[in-house]
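Below, each chain spelled out in residue letters.
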Amino acid sequence: MNDLTVELSHEQTSLLTTMAHQYLTEGVWPVWGFVVDTMDRLDLDAAELIRSLPRVGSTGHMGPSYGLTSHIGHHLADDDRPALTIAACLHLPELQPYVGEPFLRVLHVLIAIQRSAPLSTREATRPRFTIAEIEEELPGLPWGFPARLPDILLLEPATRGGSGGGAPDDGTWWREIRREIRQYREAKTIEEYVHTTARLITAQAGELPAPTPVLAPATEPPPGPYVDEALIADLEAADTVFQLDKLLALVRELNANHADQHPYACQMLLRAILDHVPPAFGQKTFQNVVANVAWGQTDKVYVRKLAEYRFPADDVLHRQISSRPSRIDMHDLPPRGYVNGLLQAVLTRLPALQQSRGL
């Protein structure tokens with residue numbers, strides 16, 4: 001199978017989702033034994049499923065290849081931790097804002113560093129970078145992403161290879177940038193990055209490269225409401241002791257600024273909403289909402305990720321003017337499902353609070 005974008009089966013997607021959810025929750029890929037046991041409970045064979053995933057390049061143990069996981073056909077021990085690649089983000093939208101999109105931002109910073117490195121007639125130019133430099137150039141990366149960046153870069157053909165040294169834990173980590181990274185300068189989306197990687201890997205493996213599809217110019221549809229209009233109407237009709245006029249105004253302004261593509265206003269309004277809703281859960285801060293409220297598995301991921309999105313808002317609100325350009329854009333906002341999930345939880349809990357106060 002040589003198309004990394006081919007539609008996966010439900011069983012294959014279940015395998016990837018099991019691995020991704022643990023990564024989003026804990027920040028590390030789960031051990032293979034956990035994946036096997038989880039698939040067993042669904043009457044699925046994890047080893048067979050991971051072997052069935054699409055991969056391009058060499059089909060054996062030797063030669064370049066690239067697929068949706070780091071697994072290349074060898075036996076997996078229970079304590080191994082196979083990882084998902086950027087290609088897997090095409091099949092798992094929940095990974096895109098926390099792995100795929102931040103990786104693309106880092107990739108293009110590295111391309112810029114490589115292309116602007118000073119030239120020398122006396123020695124080979126080998127530009128290098130550190131995690132601290134990436135964090136300074138790209139404020140607002142998802143919390144924990146810089147610490148995981150060395151492992152992510154090692155999985156991707158665009159960024160692995162080259163000399164490196166130091167350790168991420170003590171801030172001494174560094175890596176050289178290979179000139180081959182320039183081949184990705186036109187890859188602006190995850191799909192374009194995966195197509196480029198597949199084409200290069202196929203050529204390196206000595207296979208006939210598949211023709212590059214000619215894509216029609218993308219026309220993005222007008223952005224829909226960020227917060228669901230029906231949910232706003234339900235909040236407006238809620239019978240509760242709380243006055244929801246401010247919450248409704250913040251949500252409507254968030255929708256209006258999202259439609260007009262104003263990222264700074266959206267970040268500030270989202271921060272205001274997160275700071276405004278804790279009393280609906282009987283809490284004083286949003287961190288207490290995350291830590292002390294009983295959530296379902298999916299909603300728990302949502303609120304944890306929303307707590308991390310306070311950092312881009314801090315950047316918008318508190319970073320002072322400097323010689324560096326701002327890198328905040330609409331892609332730095334959380335997926336709308338996270339915000340809708342939070343507001344639905346607010347709506348669900350309001351009647352309970354009303355009854356608990358004897359009204």
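Residues numbered from 1 in each chain as written. Predicted model: local features only at pLDDT ≥ 70, side-chain atom pairs only at ≥ 80, totals over all residues. Heavy atoms only, no water.

A. Local environment of the nonpolar core. Leu-15, Tyr-193, Phe-281 and Phe-286 are the most contacted members of the largest nonpolar core, which has 97 residues in total. Examining the composition of this core, we find that 9 residues originate from one element, helix H4 (residues 96–116), more than from any other. When near neighbours in sequence (up to four residues on either side) are disregarded, Phe-281 contacts Val-289, Val-293, Trp-295, Leu-342, Ala-345, Val-346 and Arg-349. (Core = buried A, V, L, I, M, F, W, Y, C linked by side-chain atoms within 4.5 Å. Buried < 20%, exposed > 50% of the residue type's maximum accessible area, 1.4 Å probe, protein only. Helix = DSSP H or I, 4+ residues; strand = E, 2+ residues; numbered from the N terminus. Contact = heavy atoms within 4.5 Å.)

B. Looking closely at helix H2 (residues 32–41). Every buried residue of H2 is listed here: Trp-32, Gly-33, Val-35 and Met-39. Take H2 and look down its axis: the buried residues cluster within an arc of 160°, on one side only. The positive-phi residue at the C-terminal boundary of H2 is Asp-43, with phi of around 60°. (Arc of directions from axis to C-beta.)

C. Highlighting a negative patch on the surface. There is a patch of like negative charges on the surface, built from Asp-37, Asp-40, Asp-43, Asp-45, Glu-48, Asp-78 and Asp-79. Counting through the fold element by element, Asp-78 comes out in the loop between strand E2 (65–67) and H4. (Patch = residues over 30% accessible without salt bridge, like charges linked within 9 Å, V, L, I, M, F, W, Y side chains within 5 Å. Areas by Shrake-Rupley, 256 points an atom, 1.4 Å probe, with all protein chains shown as cover. Salt bridge = Lys/Arg side-chain N within 4 Å of Asp/Glu carboxyl O. Lys, Arg positive; Asp, Glu negative; His and termini not counted. Charge placed at Lys NZ, Arg CZ, Asp CG, Glu CD.)

D. Spatial organisation of the environment of Glu-48. Here Glu-48 lies in helix H3 (residues 46–52). Residue classification places Glu-48 among the partly exposed positions, given a relative accessible area of 49%. Each C-alpha atom, one on Glu-48 and one on Gln-12, is 9.6 Å from the other, the two residues being 36 residues apart in sequence.

E. Spotlight on the packing of aromatic side chains. In the structure shown here, the tally under the stated rule is 7 aromatic pairs. An angle of 15° between the planes, with centres 3.9 Å apart, marks the rings of Tyr-23 and Trp-29 as stacked. With respect to burial, Tyr-23 and Trp-29 carry one shared label: buried. Residues Phe-103 and Tyr-193 carry aromatic rings whose centres are separated by 5.2 Å and whose planes lie at 70° to one another, so their mutual orientation is edge-to-face. With a gap of 90 residues between them, Phe-103 in helix H4 and Tyr-193 in helix H7 (residues 190–204) connect regions that are remote in the sequence. Classification of Phe-103 as buried rests on a relative accessible area of 0%. The aromatic ring of Trp-295 is capped on one face by Arg-349, whose charged end is 5.5 Å from the ring centroid. (Phe/Tyr/Trp six-rings, centres within 6.5 Å; stacked < 30°, edge-to-face > 60°. Lys NZ or Arg CZ within 6 Å of the ring centre and 35° of its normal.)

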